Amino acid sequence: MKLVALPAFTDNYLWLWHNDQKAIVVDPGQAGPVLEALTRLNLSLEAILVTHHHKDHIGGIPELQQKTNALVFGPEHSAMPQPFQALNDKDHVQLLDQTLEVLHVPGHTASHLAYLTSKPSSQGDQILFCGDTLFSGGCGRLFEGTPEQMLNSLAKFKSLRDETQVCCAHEYTLSNLKFALHIEPQNTRLLSYNSHCHKLRQQHLPTLPSNIGLEKEINPFLRAHLPSVQQSAQLFDPKAVDELGCFAALREWKNTF
Ligand code: ZN
Ligand code: FE
């Protein structure tokens, strides 16, 4: 299986996962980049996986449904283009001889889903398609959820293998790292990752996929349990004295940073 990041809009990635014949796309906010890639790589589109109902993740679906035979899968109880197959936490989807596990990860939206590919094999590490829940160096805004829900959702990701590749839906890494460095100016892994990502972006290359092990070391939203991170967050909100308080403070602070 091969993984391709298709840039869309100004900072979205539509993730294409394929076996040189058939493909799956995650969150096609636009149809154009997907149709172009299907033609260029000579692939047929088997399925569309949706993490959440925001326009930049579903906008291309009607056109793709019209022009391909792709099945659409997405979260139950959400404003999805019809027809689609509704999924819930712990469901499994069989596509292209692969099994994907569905994780319900509320916070950014109430019904947000993530998709995890099956156990690592000779074909490589597991892949997590996490939509707008986790970004490299950051996390999604809380439009329909509480800090507690989002913290629980991110805890599900932290429990995955360190090698799990993280396919986020946006290229927000540099601005996230600017905030992360404000929280942890002495984090040496963060400092070197920041210069690495600057070099990638200068060459117009994606900073993604990331991986779980790296994110646990550099992403402040996965580090709210650490006393040093809590101390930084207290500069914004003195109530940031435990993991949840710290996470909530970081999320609020980042909104206006
Ligand atoms: Zn969104
Ligand atoms: Fe988005």
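No experiment lies behind these values; they were computed from the predicted model shown.

A. Up close: the side chain of N187. Along the chain, N187 turns up in the loop between α5 (173–183) and α6 (188–202). Of the polar contacts made by the side chain of N187, one reaches the backbone nitrogen of L190; its length is 3.0 Å. Once you skip the residues sitting within four places of it in the chain, N187 turns out to touch E217, I218 and R223.

B. The arrangement of the coordination of the iron ion (ligand 2) in detail. Bound to the iron ion (ligand 2) on the protein side are D56 (OD), H57 (NE2), D132 (OD) and H170 (NE2), at distances that span 2.1 to 2.4 Å. Classification of the site at the iron ion (ligand 2) rests on its 4 donor atoms, whose angles at the metal span 85 to 169°, yielding the label irregular. In primary-sequence terms, the residues that donate to the iron ion (ligand 2) follow D-H-x74-D-x37-H. For the pair the iron ion (ligand 2) and the zinc ion (ligand 1), the metal-to-metal distance amounts to 3.2 Å, and D132 bridges them. With H57 in helix α2 (residues 55–58) and H170 in the loop between β13 (165–168) and α5, the pair connects residues that are 113 residues apart, well separated along the chain.

C. Local environment of the pairing of strand β8 (residues 98–104). Judged from the 4 bridges that link them, strand β7 (residues 92–95) and β8 form a sheet pairing that is antiparallel. Bridged to Q94 within β8 is T99. Adjacent in sequence and paired antiparallel, β7 and β8 are bridged by 2 residues, among which L96 carries a positive phi angle near 50°. Bridge count for β8 against strand β9 (residues 113–117) is 5 bridges, and the pairing is antiparallel. The partner of V102 across the bridge, within β9, is Y115.

D. Representation of the packing of aromatic side chains within the structure. Summed over all chains, the structure comprises 8 aromatic pairs. For the pair F179 and F221, a centre-to-centre distance of 6.1 Å together with 25° between the ring planes defines the contact as stacked. Residue F179 is found in helix α5, and its partner F221 is found in the loop between α7 (212–218) and α8 (227–233); the two are separated by 42 residues along the sequence. For F179, a relative accessible area of 0% translates into the label buried. Both rings, one in F236 and one in W253, keep their centres 5.4 Å apart while their planes meet at 10°; by these two values the pair is stacked. Taken together, the residues span a long stretch of sequence, with F236 in the loop between α8 and α9 (243–256) and W253 in helix α9 at a distance of 17 residues. Clustering of aromatic rings is evident, with ring pairs tying together F179, F221, F236, F247, W253 and F257.

E. Region of interest: the side chain of N219. One can find N219 in the loop between α7 and α8. Apart from residues lying up to four places away in sequence, N219 is in contact with L134, F135, S136, G137 and G138.

F. Local environment of the sheet that holds β9. The strand order across the open sheet formed by 6 strands is β7-β8-β9-β10-β13-β14, and the pairing between neighbours is mixed. In this open sheet, the two strands that pair with only one neighbour each are β7 and β14 (210–211). One ladder, built from 2 bridges, connects β13 with β14; its direction is antiparallel. Of the residues in β14, the one forming a bridge with V166 is S210.

G. Expanded view of the coordination of the zinc ion (ligand 1). Here the zinc ion (ligand 1) is held by H52 (NE2), H54 (ND1), H108 (NE2) and D132 (OD), and the distances to it run 2.2 to 2.4 Å. Of note is the zinc ion (ligand 1), whose 4 donor atoms meet at the metal with angles of 85 to 176° in an arrangement that counts as irregular. For the zinc ion (ligand 1), the single-chain donor residues occur in sequence as H-x1-H-x53-H-x23-D. Judged by relative accessible area, H108 falls into the buried class, the value being 4%. D132 gets classed as buried once you look at its relative accessible area, which sits at 4%.

Rules used throughout
Residues numbered from 1 in each chain as written. Chains lettered and ligands numbered in written order. Predicted model: local features only at pLDDT ≥ 70, side-chain atom pairs only at ≥ 80, totals over all residues. Heavy atoms only, no water. Helix = DSSP H or I, 4+ residues; strand = E, 2+ residues; numbered from the N terminus. Polar contact = N/O pair within 3.5 Å; in protein donor to acceptor, adjacent residues only side chain to side chain. Contact = heavy atoms within 4.5 Å. Donors = N, O, S within 2.8 Å, 3.2 Å for Na, K, Ca; no water. Tetrahedral: all angles 85-135°; square planar, octahedral: opposite > 155°, others 65-115°. Pairing = 2+ DSSP bridges. Phe/Tyr/Trp six-rings, centres within 6.5 Å; stacked < 30°, edge-to-face > 60°. Buried < 20%, exposed > 50% of the residue type's maximum accessible area, 1.4 Å probe, protein only.

The analysis is restricted to geometry; functional conclusions fall outside its scope.
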